[in-house]
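# Coordinates in review
Here is how the chains run, residue by residue.
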Amino acid sequence: MADALDVQSVSVRFGAREAVADVSFTAPHGGVTAILGPNGAGKTTLLRAVIGLAPYAGTIAVDGLDVRRLDRRERARRIGYVPQQSRLDAPLSAFEVVAQGRYAHHDGFGRLDAGDRDAITDALRRADAVAFASRSFVELSHGQRKRVLIARALATGARLILFDEPTASLDIGHVLAFFRLARELAATGRAVVIVLHDLDEALRFSDTAVLLRAGRVAACGAAASVIAPGPVREVYGVELVPSDALGFREAP
Amino acid sequence: MTTPVRYSLAVVAVVSALVVAASLLVGHGDLGNDALVGAFLELRAARAAAAFLSGAALAVGGVVLQTLFRNPLVDPSILGTTSGASLGGQLAIVAFQLAPRWARPSFLVPEMVLPIGCLAGALLALVILLAVLRQTQSELAVLLTGFLLSSLFLSAGALLVSLAQDSYELARAVVSFTLGGVGGAGIRHVLLGLPLTCAAVVALWCWARPLELLLSGEDEATTLGVDVPQVRFWTVVWVAVGTAAAVAIGGNVGFVGLIVPHALRPFVGIAPRRLLPAAALAGGAFVVLCDVAVRAAPTRGELPLGVITGLVGGPLFLVLVLRSQREAARG
């Protein structure tokens, strides 16, 4: 079975600057893959290349299919994307926002049918967003909006879900709830790829990790081998020290 | 669609029908005169139909442009689209009148070339605007470019009117079109505007779903499967067709696309698939109502339609700008 995501020798240039250079890694079904690196390392740019928002050189395949050969709707059905923040500032209901995830399932102008409604309801339930489905998106809290965006990505039915810094500005309760959901998604056979800043979160909740420095892969493999003293010192210039600081887990 | 929204749409439809019906009862002619009642009603019906078509096209254009630019402050008049259409119409009239006789086949009448000129002008205005938008996403830049285009087209139109003064007939035709209004609308205007307006409204409603996704921005819409350049291209074309039809029928009537969607949103929401049909009905009824005001106004000559819509729309635009600034300051 082909990997959910197979990135081979991918480079992205902005004029003379190479934001991503010769990056290769794979993300398997049923696993959580963290993409790590300091600010400006090329994490988000790499994600944008995968979802078709940045032109790239090299090969990106989803389930063994070259994404360049997929039309927009096919790509949207195969790759779910949760942005760090949505640009949506119009008072659509949360249900209507999640319904946007079904657009790619129809030819023509995309009217919703009963199957779509079931998929939307299921996505809202999985993302724990049913309680505020009828409320306006712009009136929701940051954490609630994030759950609506996750539900929208789930409603696409994609087996590969990409998250761009999903825990930024979330409180600890929502951070833990997010990673529980990420693990649940992986347990259902989906591939979860997460751009993260927090190395501790990556170590605790991801199976594999890709560590970028200046657009290049500095380390790649099992999370515990990537988030280790050597690679962390090389990329971030800091010492990784075992700590007895406070840790958190969800209350039963 | 939720029950309150369905209810709101039904109310909009009923009120619009009542406004159009009531407009047939207002005018200078005496409907008690049995010999003339048929003629009076026919004239008023043509006038009401022309006003309705013009308003429907402009209101729908407003909804689509506000969605496309993700900016509630724009409409075809604010972005210079109606001024572009108006200039195109003026040029078409001048070109038609000045063309040698052999270049004007007998079947070609001024009413036929007018929409073509209007369409070219509206398209030109929207293409320039989109080119600017590729350079900057700033709300202020879009509005300023719209105002600039509007001023430019109006100045060019004024120049054309002054140049046309050499010929009395030509000057009269250009000035009459420039002032706008549906006072002289007849069945020919309606038959010409009806297919263009209906085509534009239906086509834009067909694009409602991808337009709704564009409310989340172009990047998110792309990741959800929307072909953004295609949506942008076709919606701009159909807004230009609708605006051209509206201007060809009723002249440069401003602010309809701003007033009507803002009045409707609290009742039918922001989703274009619901707002577009409501805007078509309410926009049509609004311009019919403005035309009734024009007819009822105690003035010697008939006021241009744009005067009434401008008196309502200008202050509303100011209120919306101030509210937008307040919200931006609040973050």
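Residues numbered from 1 in each chain as written. Chains lettered and ligands numbered in written order. Predicted model: local features only at pLDDT ≥ 70, side-chain atom pairs only at ≥ 80, totals over all residues.

What follows deals with the overall build of chain B. Per the secondary structure count, chain B includes 13 helices and zero strands. Taken from N to C terminus, the helices and strands of chain B fall in the order α-α-α-α-α-α-α-α-α-α-α-α-α. For chain B, the C-alpha radius of gyration of 20 Å lies close to 20 Å, the compact-globule estimate for 331 residues. Viewed in the frame of its principal axes, chain B has a C-alpha envelope of about 60 × 45 × 35 Å. Classification of the 331 residues of chain B by burial places 49% in the buried group. Intrachain contacts of chain B at a sequence separation of at least 6 include 81% that bridge at least 24 residues. (Helix = DSSP H or I, 4+ residues; strand = E, 2+ residues; numbered from the N terminus. Rg over C-alpha atoms; globule rule 2.2 N^0.38 Å. Buried ≥ 20, exposed ≤ 12 C-beta atoms within 10 Å, placed from the backbone. Contact = placed C-beta atoms within 7 Å.)

Across its full length, chain A carries nine helices and 10 strands. Radius of gyration (C-alpha) of chain A: 18 Å, near the 18 Å computed for a compact globule of 252 residues. Once the C-alpha set of chain A is aligned to its principal axes, its extents read approximately 55 × 45 × 35 Å. Classification of the 252 residues of chain A by burial places 46% in the buried group.

For the rest of this paragraph, the subject is the domain arrangement of chain A. Residues and elements named next belong to chain A. Taken domain by domain, chain A holds domain 1 (1-63 + 159-252) and domain 2 (86-158). A straight line from the C-alpha centre of domain 1 to that of domain 2 covers 25 Å. Listed by contribution, the elements that provide at least two residues to the side of domain 1 that touches domain 2 are β7 (160-164) and α6 (172-187). Here the residues of the side of domain 1 that touches domain 2 sort into five nonpolar, two polar and one charged. (Domains from an automatic or database assignment. Nonpolar A, V, L, I, M, F, W, Y, C, P; charged D, E, K, R; others polar.)

As a further point, take the interface of chain A and chain B. The partner chain B presents 18 residues to the 22 residues of chain A that form the contact. Looking at which element gives the most residues to the side of chain A that touches chain B, the answer is helix α2 (residues 72-78) of chain A, with three residues. Residues belonging to the side of chain A that touches chain B are distributed by class as follows: 12 nonpolar, five polar and five charged.

What follows covers the sheet that holds strand β4 (residues 57-62) of chain A. Residues and elements named next belong to chain A. Here we have four strands laid out as an open sheet, ordered β2-β1-β4-β5, and antiparallel in their pairing. A single partner strand is all that each edge strand has here, and the edge strands are β2 (17-27) and β5 (65-66). Examined bridge by bridge, strand β1 (residues 5-14) and β2 share seven bridges and lie antiparallel to one another. Among the inter-strand pairings, Phe14 is bridged to a residue of β2, identified as Arg17. Strands in contact with helix α1 (residues 43-50) are β1, β2 and β4; relative to β2, the strand with the most contacts, it is inclined by about 65 degrees. (Pairing = 2+ DSSP bridges. Axes fitted to C-alpha atoms, helices over the stretch in contact; angles between N-to-C directions.)

Glancing now at unusual backbone geometry. All names here are of chain A. Although it is not a glycine, Ser9 sits at a positive phi angle of roughly 50 degrees. The residue Ser9 is located in strand β1 in this model. Positive phi, normally seen in glycine, also occurs at Glu165, with a value near 45 degrees. Take Glu165: it is sitting in the loop between β7 and α6. Residue Glu165 is classed as buried on the basis of its 20 C-beta neighbours within 10 Å.

By size, the foremost hydrophobic cluster in this structure holds 177 residues, and its most contacted members are Val98(A), Leu162(A), Val60(B) and Ala279(B). In this structure, this core is formed jointly by two domains, domain 1 (1-63 + 159-252) and domain 2 (86-158) of chain A, each of which donates at least three residues. Once residues within four sequence positions are removed from consideration, Leu162(A) is found in contact with Leu47(A), Val50(A), Ile51(A), Ile79(A), Gly80(A), Tyr81(A), Val82(A) and Val193(A). (Core = buried A, V, L, I, M, F, W, Y, C linked by C-beta atoms within 7 Å.)

On to the sheet that holds strand β10 (residues 216-222) of chain A. Residue and element names in this part refer to chain A. Sheet architecture is open: six strands sit in the order β6-β7-β8-β3-β9-β10, paired in mixed fashion. The open sheet has two edge strands with one neighbour each: β6 (79-82) and β10. Here the average twist between neighbouring strands, direction ignored, is 15 degrees. Looking at chain direction, strand β3 (residues 32-36) and strand β9 (residues 208-213) are connected through four bridges and run parallel. Note that in β9 the partner of Ala34 across the bridge is Ala209. Here α1 sits on the sheet in contact with β3, β6, β7, β8 (191-195) and β9, set at roughly 145 degrees to β7. Sitting on the sheet, α6 touches β3, β7 and β8, and the angle it makes with β8 is about 150 degrees.

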